[in-house]
Structures are given as C-alpha cells and as structure tokens.
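Tertiary structure, described
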Amino acid sequence: IESTAMSHLCEGLSSTLRVLNLSGSILGTEGTRHLATVLRGSHALTDLDLGGCGIKGTSMSHLCEGLSTLSTLRVLNLSYSSLGTEETRHLVIALKGSTTLSRLLLQVCNIDGTALPHLLEGISTIPTLSVLDLCGNSLGSEGARHLAQLLKNSCSLTELSLWDCDLGGNADVTRLL
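Residues numbered from 1 in each chain as written. Predicted model: local features only at pLDDT ≥ 70, side-chain atom pairs only at ≥ 80, totals over all residues. Heavy atoms only, no water.

1. Some thoughts on the overall build of the protein
Stated formally: Secondary structure is summarised from DSSP: a helix means a run of H or I of at least four residues, a strand means a run of E of at least two, and numbering begins at the N terminus for each. Computation of the radius of gyration draws on C-alpha atoms, with the globule rule given as 2.2 Å multiplied by the number of residues to the power 0.38. Residue exposure ignores everything except the shown protein chains as possible cover, and the areas themselves are Shrake-Rupley values with a 1.4 Å probe. Only four residue types enter the charge count: Lys and Arg as positive, Asp and Glu as negative, with His and the chain ends excluded. By convention, the charge on Lys lies at NZ, on Arg at CZ, on Asp at CG and on Glu at CD.
When helices and strands are tallied, the protein shows 7 helices and 6 strands. Since a compact globule built from 177 residues should have a radius of gyration of about 16 Å, the 16 Å found for the protein is in line with a globular shape. Summarising its shape, the C-alpha atoms of the protein cover approximately 50 × 25 × 20 Å along the three principal directions. Total accessible area on the protein is roughly 8200 Å²; 50% of this is exposed by carbon and sulfur atoms. Of the side-chain charges in the protein, 11 are positive and 16 negative, and the distance between the mean point of each set is 7 Å.

2. Concerning the nonpolar core
Heads up, the condition is: Here, nonpolar core refers to any group of buried Ala, Val, Leu, Ile, Met, Phe, Trp, Tyr and Cys residues whose side-chain atoms link them within 4.5 Å. Exposure is judged per residue with a 1.4 Å probe applied to protein chains only, and the accessible area is read against the type maximum: over 50% gives exposed, under 20% gives buried, and values in between give partly exposed.
The biggest cluster of nonpolar side chains holds 44 residues, and the ones touching the most others in it are Leu50, Leu67, Leu76, Leu91, Leu106, Ile111 and Leu134. Of all elements in the fold, only helix 2 (28-40), helix 3 (57-67), helix 4 (85-95), helix 5 (116-123) and helix 6 (140-153) reach the threshold of two or more residues within this core.

3. Considering the sheet that holds strand 1 (residues 19-21)
Defined as follows: We treat two strands as partners when DSSP finds at least two bridges between them. For helices, the axis comes from a line fit to the C-alpha atoms of the stretch in contact; other axes are also lines fit to C-alpha atoms, and the angle between any two N-to-C directions lies between 0 and 180 degrees.
Spatially, 1-2-3-4-5-6 is the arrangement adopted by the 6 strands of the open sheet, whose pairing is parallel. A single partner strand is all that each edge strand has here, and the edge strands are strand 1 and strand 6 (159-161). The mean inter-strand angle of the sheet, taken between neighbouring strand axes irrespective of direction, is 5°. Direction of pairing for strand 4 (residues 103-105) relative to strand 5 (residues 131-133): parallel, over a ladder of 3 bridges. Along strand 5, the bridge assignment pairs leucine 105 with aspartate 133.

4. Quick look at the packing of helix 2 against helix 3
What counts, and what does not: Any angle from 65 to 115 degrees is called roughly perpendicular, while one under 35 is roughly parallel, one over 145 is roughly antiparallel, and all others are oblique. When checking whether two residues touch, look at their non-hydrogen atoms; a contact exists if any pair is within 4.5 Å. The classification used treats Ala, Val, Leu, Ile, Met, Phe, Trp, Tyr, Cys and Pro as nonpolar, Asp, Glu, Lys and Arg as charged, and all other residues, Gly among them, as polar.
Between helix 2 and helix 3, the least distance of the axes is 7 Å, while the angle of their chain directions is 5°. Relative to helix 3, the element helix 2 lies roughly parallel. Taken together, the residues of helix 3 that come into contact with helix 2 (itself represented by Gly28, Thr29, Thr32, Arg33, Leu35, Ala36, Leu39 and Arg40) are Thr58, Ser59, His62, Leu63, Glu65, Gly66 and Leu67. The class makeup of the residues in the contact of helix 2 with helix 3 is 5 nonpolar, 7 polar and 3 charged.

5. Quick notes on the side chain of serine 81
Definition in use: Think of a polar contact as two N or O atoms within 3.5 Å of one another; within protein, one of them needs to be a possible hydrogen donor and the other a possible acceptor, and neighboring residues in sequence only count if both atoms come from side chains.
Inspection of the secondary structure puts serine 81 in the loop between strand 3 (75-77) and helix 4. Judged by its relative accessible area of 3%, serine 81 falls in the buried class. Within polar-contact distance, the side chain of serine 81 engages the backbone oxygen of leucine 78 at 2.8 Å. Residues within four places of serine 81 in sequence aside, it is in contact with Gly54, Ile55, Met60, Val108, Cys109 and Asn110.

6. Section: the packing of helix 3 against helix 4
Contact geometry for helix 3 and helix 4: axes closest at 8 Å, N-to-C directions at 5°. Taken together, the axes of helix 3 and helix 4 lie roughly parallel to each other. The segment helix 3 lies against helix 4, with Gly57, Met60, Ser61, Cys64 and Leu67 engaging Glu87, His90, Leu91 and Ala94. Residue composition of the contact of helix 3 with helix 4, by class: 5 nonpolar, 3 polar and 1 charged.

7. Section: helix 2
Worth spelling out the cut-off: Expected span, for any helix, means 1.5 Å times one less than how many residues it has. The directions from the helix axis to the C-beta atoms are what the arc is built from.
With 13 residues, helix 2 ought to run about 18 Å at 1.5 Å a step, and its terminal C-alpha atoms sit 18 Å apart, in line with that. When we look at burial in helix 2, the residues that qualify are Gly31, Thr32, Leu35, Ala36, Val38 and Leu39. In a view along the axis of helix 2, the buried residues occupy a sector of 160°, so they form one face of it.

8. Focus on the environment of glycine 51
Tracing the chain through its elements places glycine 51 in the loop between strand 2 (47-49) and helix 3. Taking relative accessible area as the criterion, glycine 51 reaches 11% and is therefore assigned buried. Note: C-alpha distance between glycine 51 and glycine 143 (92 residues apart in sequence) is 23 Å. Each residue touching glycine 51, except ones within four places of it in the same chain, is listed here: Ser23, Gly24, Asn77 and Ser79.

Quick look at the structure:
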C-alpha cells in the first residue's frame, strides 16, 4: 500500500473497528506512521494482522507508539517483520502491562539469541499471553535456555511454536514440556 493510499485508508478506519488485517501489505515508514495514528484512536481493536508487512527500523518504532495505547488487543501478528534488539525493545515497551494480549505471532522476524531475552522479559509481564509463535527464528542454544527459564518460572503459555528455530540440540526446553 502506497503512503497516499494508506493515508486515505486510515482516514476511513473507524475507532470501533475490531479486526484489521493488512497482511502482505508493504506499509513503509509513512504508512506505518499513519497506522500508528489510527491505533492511538482505536477503542475496540482486538486483532491486528501485519504478517508479511516487512516492518523494520523506524517503521517498527512508529508502530509501537500506536500499539502502546491499545488496551483491547488480543492478537498481534508481526510475522516476517525485522525484530533486531532495538525493535524488540520497542515492542516490549509497547506491550508491557497488557492485560488482554493472548496471541503473539512472530514467525521469521530475525529474532536471535541477543534479542530473545528482551522479548521474553517483556512477555513475562503479560498474564493473558497463551500463544507464542517464534517459528523460523534462529534462537540458538542460548535461546533455548532462556525459553526454558520462562516456561519454568512464570508463564501462562499453553502453546509455544518453535519450528525451525535452530535450538542447537539443546534439550532444556523439551525437558520442561
């Protein structure tokens, strides 16, 4: 979606919209900025699907500004975005203290063993999170250790997807399941 088209779309979005699926749309920095403005004015959005939108860098920062104001969000799909350490920190700040988020989908987001601890620390403060999908991220054996700690200590997760996460043969996670 071009920036101009995204601007027009966002102008028409209602504050009572419950589900927004923009999966596969290339939003760009300006488009993401427009979306963040809409999110700040939303009072009912429960499901936001941005899978395949390739959000990264400054765009992720803008998106997180909007996400931080959503008190009704239950499902967030950011699959195929680029979540390096800095972007992960923005996401954690935006989601911290959420009392409604139940599903977080982060497939193929370039999350590695460096970014993962930040993510896990943040999601450990979300008491309603039951589904975490990290498929396709290179978490490594250090990531497996961090996941094992999350599962052991304070976790409401009922579903954890780790397909193709290059856990390095570390059995720490599987011993806890």
